[in-house]
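# Examination of the molecular architecture
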Amino acid sequence: MKSEVPIQRKIRRSKRQRKLAKRRVKKRAKKQVKEEGVSPLVEKYWLRRYDLFSKYDEGVKLDEEGWYSVTPEEIAVRHAERSGGGVVVDCFAGVGGNSIQFAKMCYHVVAIDIDRQKVEMALSNAKVYGVEDYVDFIVGDFIQLAPSLKGDAVFLSPPWGGPSYKATKNFTLDLLKPKDGYSLFQIAQTITPNIIMFLPRNVDLLQVEELSWLSSPPLCVEIEKNYVNSYLKGITAYFGDAAFGKMELS
């Protein structure tokens, strides 16, 4: 019984030390945010910057939209591992998070974005990762370019409408930009039935499954939940040979 008091003191001291350590970490982070002039709108994303790009400190570039729209690197790696082989068309490439990981798997990538500044950042980021020779960067509208594109797999990660998507209890495919998810999926099918689609964690899963059987012929579909640090970040749907690991290296 005599030993209980010191043990309790040690437990209380340990809890107090952990709290103080967390406060010091937060204080240092706030100071660093201020020193680097990070916008309050992207501060929380900047604090998790290494989840987005592990080589962030080596010169990675993002604009404000890029901060909240880029796929976390761990998930982008997963997409690349599942993409099979050959040519991957990244339809809404943004600042290049997914394109880089596709290219690291030694696939050829066609990375498209309508925003020239984002394409320039994506190219710069690809150079940071040393994969720029594996990617063709195109400034253009995927919807208009689709008839002229060829690929073995298509990666669809259309804009979700910004951080406000989280306020929607049931995110429906018509909320995707620049067209609804059904239309974008049909356009992607003109290139290949092997489609990987990255969607919000609150997406209507019944609608996602519906994409498969509305196709002619119906496509296999596999739905995967994507976590980073035990936190659900998004949903990935694999269609055609991309589902259930059917795609083979070419």
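First, a word on what this report is: a plain description of the structure on this page. Because the structure is a prediction, the values reported are computed rather than measured. (Residues numbered from 1 in each chain as written. Predicted model: local features only at pLDDT ≥ 70, side-chain atom pairs only at ≥ 80, totals over all residues. Heavy atoms only, no water.)

Between helix α5 (residues 73-82) and helix α6 (residues 97-104), whose axes approach to 8 Å, the crossing angle comes to 45°. By the angle class used here, α5 and α6 are oblique. Crossing angle aside, the handedness with which α5 passes α6 is right-handed. Across the interface between the two elements, Glu73, Ala76, Val77, His79 and Ala80 of α5 pack against Gly97, Asn98, Gln101 and Phe102 of α6. In the contact of α5 with α6, the residues fall into four nonpolar, four polar and one charged. (Axes fitted to C-alpha atoms, helices over the stretch in contact; angles between N-to-C directions. Helix = DSSP H or I, 4+ residues; strand = E, 2+ residues; numbered from the N terminus. Parallel < 35°, antiparallel > 145°, perpendicular 65-115°, else oblique. Left-handed = near helix turned anticlockwise from the far one by under 90°. Contact = heavy atoms within 4.5 Å. Nonpolar A, V, L, I, M, F, W, Y, C, P; charged D, E, K, R; others polar.)

Before going further, it helps to spend a moment on the pattern of salt bridges. Here the structure, examined in full by the defined rule, presents six salt bridges. Note that Arg82 is salt-bridged to Glu222, the shortest N-O span being 2.6 Å. Residue Arg82 is found in helix α5, and its partner Glu222 is found in strand β6 (residues 221-228); the two are separated by 140 residues along the sequence. Glu222 shares its class with Arg82; the two are buried. The salt bridge involving Arg82 is made with Glu224; its shortest N-O contact spans 3.8 Å. Here Arg82 is found in helix α5, whereas its partner Glu224 is found in strand β6, with 142 residues between them in sequence. The exposure class of Arg82 is buried, given its relative accessible area of 10%. Overall, Glu224 belongs to the buried group, its relative accessible area being 12%. Among the ionic contacts, a cluster of salt bridges with common partners joins Asp63, Glu65, Asp115 and Lys118. (Salt bridge = Lys/Arg side-chain N within 4 Å of Asp/Glu carboxyl O. Buried < 20%, exposed > 50% of the residue type's maximum accessible area, 1.4 Å probe, protein only.)

Turning our eyes to something else, we now look at helix α10 (residues 205-213). When we look at burial in α10, the residues that qualify are Gln207, Val208, Leu211 and Ser212. Axial view of α10: buried residues confined to an arc of 160°, hence all on one face. Summarising the geometry of α10, the exposed residues directed more than 90 degrees from the buried face are Leu206 and Trp213. The N-terminus of α10 is capped by Asp204, whose side-chain oxygen sits 3.0 Å from the backbone nitrogen of Leu206. (Arc of directions from axis to C-beta. Polar contact = N/O pair within 3.5 Å; in protein donor to acceptor, adjacent residues only side chain to side chain.)

With that out of the way, let us pick up the packing of helix α9 (residues 181-189) against α10. Interaxial distance between α9 and α10 falls to 11 Å at its minimum, and their mutual angle equals 30°. Of the possible angle classes, the one that applies to α9 and α10 is roughly parallel. Classified by chirality, the crossing of α10 by α9 is right-handed. On α10, the residues that touch Gly181, Tyr182 and Phe185 of α9 are Gln207, Glu210 and Leu211.

All right, on to the pairing of strand β7 (residues 231-239) then. Both strand β5 (residues 195-199) and β7 contribute to a ladder of four bridges, which runs antiparallel. The partner of Phe198 across the bridge, within β7, is Thr236. Bridge count for β6 against β7 is eight bridges, and the pairing is antiparallel. Looking across to β7, one finds that Glu222 is bridged to Tyr238. (Pairing = 2+ DSSP bridges.)

With that settled, the discussion passes to unusual backbone geometry. That bond from Lys177 to Pro178 is cis: its omega, -5°, falls within 30 degrees of zero. Turning to its location among the elements, Pro178 is positioned in the loop between β4 (153-156) and α9. We note that Asn229 has phi near 55°; this positive angle belongs to a residue other than glycine. By secondary structure assignment, the location of Asn229 is in the loop between β6 and β7. Even without a glycine there, the phi angle at Ser230 is positive, about 65°. By the element assignment, Ser230 lies in the loop between β6 and β7. The class for Ser230 is exposed, based on a relative accessible area of 74%.

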